[in-house]
Amino acid sequence: MTRSEQLFQEAVTWIPGGVNSPVRAFGSVGMSPRFIASAKGAYLTDADGNQYLDYIGSWGPMILGHANPLVLEKVEEACKKGLSFGAATESEVDMARLICKMVPSVEMVRMVNSGTEAVMSAIRAARGYTGRNKIVKFEGCYHGHSDAMLVKAGSGVMTAGVPDSAGVPRGCTEDTILAVYNDISGVEQLFDACGQEIAAVIVEPVGANMGVVPPQDGFLQKLRELCTKYESVLIFDEVITGFRLAKGGAQEYFGIQADLVTYGKIIGGGMPVGAYGGKRKIMEVVAPVGSVYQAGTLSGNPVAMAAGLAQLTYLEEHPEVYTRLKMLGERLYGGMKSICKELQLPYQVYAVGSLGCLFFTKEPVRNYTDARRCDTEAFRRYFGHMLERGIYLAPSQFEAMFLSAAHTEEDISRTLEAMHDSFCDR
């Protein structure tokens with residue numbers, strides 16, 4: 001028995017399912033999870049000493065690679081001054097100023113502790129600002145585990161085959177209106193029916209929790225137009241795309257300005273953190289300025305701020321990182337498409353910049369329903385083949401692959417070779 005298997009056996013005694021987040025579970029691929037001991041650059045090392053080329057990157061934030069020396073240096077400096085104060089610090093101001101500089105549509109920002117908290121707070125702010133209650137969300141888009149958002153969510157909820165969650169009272173979701181991603185006519189019908197009651201539309205600008213589903217041409221622009229027409233708040237959930245697709249995130253990448261935006265762990269260099277921000281007139285409804293209450297004892301933690309400032313400052317000063325990620329993405333995902341064509345595999349590859357996904361289905365994937373048609377058994381076999389060859393992918397058909405600046409062209413070649421072999425060995 002491996003050390004990872006031993007740890008998992010012990011973990012299931014003390015932790016539900018043996019993991020502290022369902023996306024870490026390997027149940028859908030018929031394995032026990034690998035317990036990671038360390039990481040450096042683009043590689044992970046597990047408790048048994050096995051090394052893996054990593055395409056999860058802590059689910060996105062490790063855009064500069066694991067254990068980046070610049071980030072670690074700033075974290076070590078901050079730790080020596082104290083881990084938490086529960087009081088205002090200069091680094092919070094520096095972080096807020098930097099985010100507003102990098103994302104022109106963000107005029108004010110509030111730090112929180114996770115992406116879930118950021119979404120929950122942004123929705124409350126939108127409702128407080130508009131005086132309305134209804135929220136439009138899209139099937140397959142995951143916005144954290146707050147009650148109102150666990151309605152046909154993506155990510156781990158899709159993998160578990162549970163579109164909703166037990167423990168969520170019906171009343172918590174009665175003002176959540178479901179729409180189909182990339183179906184703008186359906187959204188128009190919703191606004192026609194109850195536009196004056198809609199406080200906000202929240203959307204992942206790239207559907208990255210049901211695999212990777214790019215927005216079709218005009219989809220995001222039309223959402224912007226509808227929200228402007230009906231004076232509803234457009235919220236971009238950029239927990240995944242923020243500062244990854246471009247310095248200004250998906251808003252810069254697609255040329256669309258949201259009213260509010262949410263961020264996650266990428267702004268903390270991988271440490272637990274989140275933020276929401278946007279137009280000043282909306283953000284000023286938040287306490288202590290306004291009447292929308294939101295608080296967090298550890299919000300703006302100085303160590304997390306130090307890590308995030310180091311990472312975001314580097315990205316802001318080195319835009320060539322995005323050029324490199326784009327090149328690596330074209331090589332990796334383009335290579336995956338070529339393999340599917342060469343071997344006549346009826347699968348789909350979708351990518352946006354450094355995000356990508358191989359869908360085990362012969363049909364185009366435009367939304368949650370399309371993604372659900374994937375052959376998860378075929379994915380399970382593929383995952384096992386790749387893991388045996390030292391390629392660490394998300395243990396779910398419905399998660400994204402993440403590239404980092406630490407990946408090399410040799411890493412990409414190795415990955416494509418492993419993928420080719422995994423299909424030829426069947």
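Residues numbered from 1 in each chain as written. Predicted model: local features only at pLDDT ≥ 70, side-chain atom pairs only at ≥ 80, totals over all residues. Heavy atoms only, no water.

Time to look at helix 8 (residues 219-230). Here helix 8 is 12 residues long and its end C-alpha atoms lie 17 Å apart, about the 16 Å a rise of 1.5 Å per residue gives. Within the span of helix 8, buried status applies to Phe 219, Leu 220, Leu 223, Arg 224, Leu 226, Cys 227 and Tyr 230. Angularly, the buried residues of helix 8 cover 165° about the axis, an arc narrow enough to put them on a single face. Residues of helix 8 that are exposed and point more than 90 degrees away from the buried face comprise Thr 228 and Lys 229. Here the buried face of helix 8 lies against strand 5 (134-138), helix 7 (184-194), strand 7 (198-203), strand 8 (233-237) and helix 9 (249-254). (Helix = DSSP H or I, 4+ residues; strand = E, 2+ residues; numbered from the N terminus. Expected span 1.5 Å × (residues − 1). Buried < 20%, exposed > 50% of the residue type's maximum accessible area, 1.4 Å probe, protein only. Arc of directions from axis to C-beta. Contact = heavy atoms within 4.5 Å.)

So, on to the nonpolar core. By size, the foremost hydrophobic cluster in this structure holds 106 residues, and its most contacted members are Ile 99, Phe 138, Phe 243, Ile 267 and Leu 358. The element best represented in this core is helix 12 (residues 320-342), accounting for 9 residues. Counting 21 residues, the second-largest nonpolar core is a separate cluster that includes Ala 122, Ile 135, Met 149 and Leu 260. (Core = buried A, V, L, I, M, F, W, Y, C linked by side-chain atoms within 4.5 Å.)

What follows is about the sheet that holds strand 11 (residues 348-352). Taken together, the 3 strands give an open sheet; going across it, the order is 11-12-14, and neighbouring strands pair in antiparallel fashion. Looking at the sheet topology across the chains shown, the edges are occupied by strand 11 and strand 14 (401-402). Two elements, strand 12 (residues 355-359) and strand 14, share 2 bridges in a ladder whose sense is antiparallel. Counterpart to Gly 356 in the pairing with strand 14 is Met 401. (Pairing = 2+ DSSP bridges.)

Attention now moves to the pairing of strand 12. Of all 5 residues in strand 12, 5 are buried, a share of seventy percent or more. Every second residue of strand 12 is oriented toward a common face, with Leu 355, Cys 357 and Phe 359 on one face and Gly 356 and Leu 358 on the other, all of them buried. Inspection of the sheet shows strand 11 paired to strand 12 by 5 bridges, in the antiparallel sense. When the bridges of strand 12 are listed, Val 349 appears paired with Leu 358. Between the end of strand 11 and the start of strand 12, which pair antiparallel, lie 2 residues, with Gly 353 showing a positive phi angle near 60°.

Axis separation between helix 2 (residues 69-79) and helix 11 (residues 302-317) bottoms out at 8 Å; the angle between their running directions is 155°. As summarised for this structure, helix 2 and helix 11 are arranged roughly antiparallel, according to the angle between their axes. The hand of the helix 2/helix 11 crossing is right-handed. Side by side, helix 2 and helix 11 meet where Leu 70, Val 71, Lys 74, Val 75, Ala 78 and Cys 79 of the first sit next to Pro 302, Val 303, Ala 306, Ala 307, Ala 310, Gln 311 and Tyr 314 of the second. A class-by-class count of the residues in the contact of helix 2 with helix 11 yields 11 nonpolar, 1 polar and 1 charged. (Axes fitted to C-alpha atoms, helices over the stretch in contact; angles between N-to-C directions. Parallel < 35°, antiparallel > 145°, perpendicular 65-115°, else oblique. Left-handed = near helix turned anticlockwise from the far one by under 90°. Nonpolar A, V, L, I, M, F, W, Y, C, P; charged D, E, K, R; others polar.)

As a further point, take helix 11. Given a rise of 1.5 Å per residue, 16 residues ought to cover 22 Å, and the 22 Å separating the end C-alpha atoms of helix 11 matches this to within 8%. Extensive coverage of helix 11 is indicated by the burial of 13 of its 16 residues. N-capping of helix 11 is provided by Asn 301, with a side-chain oxygen placed 3.0 Å from the backbone N of Val 303. (Polar contact = N/O pair within 3.5 Å; in protein donor to acceptor, adjacent residues only side chain to side chain.)

For the rest of this paragraph, the subject is unusual backbone geometry. Note the cis peptide between Ala 287 and Pro 288, where omega equals 10°. Along the chain, Pro 288 falls in the loop between helix 10 (280-283) and helix 11. Phi at Asn 182 is positive, roughly 75°, even though this residue is not glycine. With respect to the secondary-structure elements, Asn 182 resides in the loop between strand 6 (176-179) and helix 7. Here Asn 182 falls in the buried class, since its relative accessible area comes to 12%.

Time to look at the packing of aromatic side chains. This structure, assessed with the given rule, holds 18 aromatic pairs. With centroids separated by 6.2 Å and ring planes inclined at 90°, the aromatic side chains of Phe 138 and Tyr 181 adopt a geometry described as edge-to-face. You can see Phe 138 sitting in strand 5 and its partner Tyr 181 sitting in the loop between strand 6 and helix 7, a full 43 residues away along the chain. Each member of the pair Phe 138 and Tyr 181 is classed as buried. (Phe/Tyr/Trp six-rings, centres within 6.5 Å; stacked < 30°, edge-to-face > 60°.)

Turning next to the state of the cysteines. Inspection of the entire model under this criterion finds 0 disulfides. The structure places no disulfide on Cys 424, whose sulfur is separated from the nearest cysteine sulfur, that of Cys 340, by 12 Å. (Disulfide = S-S within 2.5 Å.)

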